[in-house]
There are 2 protein chains.
Amino acid sequence: MNKIYVVGIGPGAYEKMTIQAAEVLKNCDVIVGYTVYIDLVKEHFPGKEFLTTPMKKEVQRCEMAFEEAAKGKTVAMICSGDSGVYGMAGLMYEIGERYPDVEVETVAGVTAAIGGGAVLGAPLIHDFCLISLSDLLTPWEKIEKRLKLAAEADFVICLYNPSSIKRHDYLQKACDLILQHQPENLVCGTVENIGREGEKATIYTLKELRDTKVDMFTTVFIGNSQTKVIDGHMVTPRGYRI
Amino acid sequence: MNKIYVVGIGPGAYEKMTIQAAEVLKNCDVIVGYTVYIDLVKEHFPGKEFLTTPMKKEVQRCEMAFEEAAKGKTVAMICSGDSGVYGMAGLMYEIGERYPDVEVETVAGVTAAIGGGAVLGAPLIHDFCLISLSDLLTPWEKIEKRLKLAAEADFVICLYNPSSIKRHDYLQKACDLILQHQPENLVCGTVENIGREGEKATIYTLKELRDTKVDMFTTVFIGNSQTKVIDGHMVTPRGYRI
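Caption draft 1: Main features of the packing of aromatic side chains. Counting across every chain of the model gives ten aromatic pairs over all chains. Here Tyr34 of chain B and Tyr37 of chain B contribute two aromatic rings whose centre-to-centre distance is 5.2 Å and whose plane-to-plane angle is 80°, an arrangement assigned as edge-to-face. An identical accessibility class is assigned to Tyr34 of chain B and Tyr37 of chain B; each is buried. Residues Tyr86 of chain B and Tyr160 of chain B carry aromatic rings whose centres are separated by 5.1 Å and whose planes lie at 45° to one another, so their mutual orientation is tilted. Pair noted here: Tyr86 of chain B is in the loop between strand E4 (75-79) and helix H4 (89-96) and Tyr160 of chain B is in strand E8 (residues 156-160), with a separation of 74 residues, a long-range link. Both residues of the pair, Tyr86 of chain B and Tyr160 of chain B, belong to the buried class. Stacked on the ring of Phe155 of chain A, the Lys or Arg Arg146 of chain B has its end atom at 5.6 Å from the ring centre.

Caption draft 2: The arrangement of the relation of the copies chain B and chain A in detail. Once turned by 180° and shifted 0.0 Å along the axis, chain B lies on chain A with an RMSD of 0.0 Å. Taken together, the rotation and translation relating the two chain copies correspond to the operation of a two-fold axis. Both copies present the same face, since 100% of the interface residues in chain B are matched by interface residues at the equivalent positions in chain A.

Caption draft 3: Spatial organisation of the interface of chain B and chain A. The partner chain A presents 68 residues to the 68 residues of chain B that form the contact. Summed over both sides, the interface of chain B with chain A buries roughly 6,100 Å², with 63% coming from carbon and sulfur. At the junction of chain B and chain A, the tally comes to eight salt bridges. Two residues, Asp127 of chain A and Arg146 of chain B, come together in a salt bridge whose shortest N-O distance is 2.9 Å. Inspection of the region where chain B meets chain A yields 36 residue pairs in polar contact (both at pLDDT 80 or more). Looking at the side of chain B that touches chain A, its residues break down into 33 nonpolar, 19 polar and 16 charged. Pairing analysis gives three bridges linking strand E7 (residues 128-132) of chain A to strand E7 (residues 128-132) of chain B, with the strands arranged antiparallel. Within the sheet, the bridge partner assigned to Leu130 of chain A lies in E7 of chain B and is Phe128 of chain B.

Caption draft 4: The arrangement of helix H3 (residues 58-70) of chain B in detail. Residue and element names in this part refer to chain B. A rise of 1.5 Å per residue sets the reference length of H3, with its 13 residues, at 18 Å; its end C-alpha atoms lie 19 Å apart and thus fit the reference within 8%. Glu58, Val59, Arg61, Cys62, Ala65, Phe66, Glu68 and Ala69 are the residues of H3 that are buried. Residues of H3 that are buried make contact with strand E1 (2-8), strand E2 (30-34), strand E3 (49-53), E4, H4 and strand E5 (102-107). Gly72 occupies a position one or two residues after H3 and carries a positive phi of about 100°.

What counts, and where the lines are drawn
- Residues numbered from 1 in each chain as written.
- Chains lettered and ligands numbered in written order.
- Predicted model: local features only at pLDDT ≥ 70, side-chain atom pairs only at ≥ 80, totals over all residues.
- Heavy atoms only, no water.
- Phe/Tyr/Trp six-rings, centres within 6.5 Å; stacked < 30°, edge-to-face > 60°.
- Buried < 20%, exposed > 50% of the residue type's maximum accessible area, 1.4 Å probe, protein only.
- Helix = DSSP H or I, 4+ residues; strand = E, 2+ residues; numbered from the N terminus.
- Lys NZ or Arg CZ within 6 Å of the ring centre and 35° of its normal.
- Least-squares fit on C-alpha atoms with pLDDT ≥ 70 in both.
- Contact = heavy atoms within 4.5 Å.
- Buried area = accessible area lost by both parts, 1.4 Å probe.
- Salt bridge = Lys/Arg side-chain N within 4 Å of Asp/Glu carboxyl O.
- Polar contact = N/O pair within 3.5 Å; in protein donor to acceptor, adjacent residues only side chain to side chain.
- Nonpolar A, V, L, I, M, F, W, Y, C, P; charged D, E, K, R; others polar.
- Pairing = 2+ DSSP bridges.
- Expected span 1.5 Å × (residues − 1).

Here you go:
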């Protein structure tokens, strides 16, 4: 049976990929992906055929992968982080219904929350949630509701897609909603360019974060009521007595 | 400076570890961990010194790691999945305050939500949260509140530690709380023994899941209102038009 692997390559640096992901990319015929991610892996897998589509051409990218697999090639569709977290894995299964002769297998990777958490310290040790602030595919009202309820539940919150040119004030809006349930001095953090050149972690209070501009290559972490700063690291205790 | 790496080894199988994690384990002097996890990695890193403590001896395990590092050895403290998600990373930074001459670095890994999601298909494509049902270190009232608010927010919910001998009815209790906001036919799934021998994914409705017994090696996935079953896989759409 023809096969497509949907592979999360992790945050960016080659060594943050799983051994399995690297094996799949080494053994496939064609690697398909968003231009930026193909550029990240290209040098490590010489001799492969690379196919790309730009942003907002996700459906075409998936169809391209299935067409290549239907020709009998082994295909890897790559995503940054994990392909199952705001990645292509869902769309691949949906479009896969049209290609019953192609089998889809998902290969897990380190998503930005996990990769960025390791850079900051240990912010995600206890219950947490991931919320994307992008309202391209999700109504803003739904995002607002999730932010408010997550803050009320005292989850650690990790925000994906916190900003874009059109959505320059979304992080501020999100912080204002969270401030309805959490204090101004709540420990927060950001990580820019996780696992890539220019990686940088910064710790803020929630009030400071509200007044900070971040770019689209930044992942945002909002602590819970127990989160603290230890020696420059953002740490959420699990509750062990020490 | 003496150094301890807190390393997530992923779900279990060697190839699901990151390349970086394998490099750290290959280059360190001592590997410290819970007995079960040491047994998973031992054969791949011959010649290392291995130190273990049993469950509920987490504080002692961390202290042991710092004592070894203080002797000048390079130490790796391993956790299953990611060390920053219900793992040892938080406790290591907390105990690290007593050992100012030892530097702690966290190495990210694939946590059970991500690893198990890949086995089921793509359940975590959209906003989701992780909740542990273990009330050893967290009051049950707090867990209940998080379950209710997460269901109200229509998050996909991934449950860690869904059961133990003492907590045999906790999954049922959790499902009953979620049923206050979500329908009986909500798509759910479980994965047993992720990345290990006996790996097994099963899809349920929320009603069926409520009446199912799971063990402590199972990770539970509760869909959102959009989650569906495609060709035996649990898939949450992101919202692309196809």
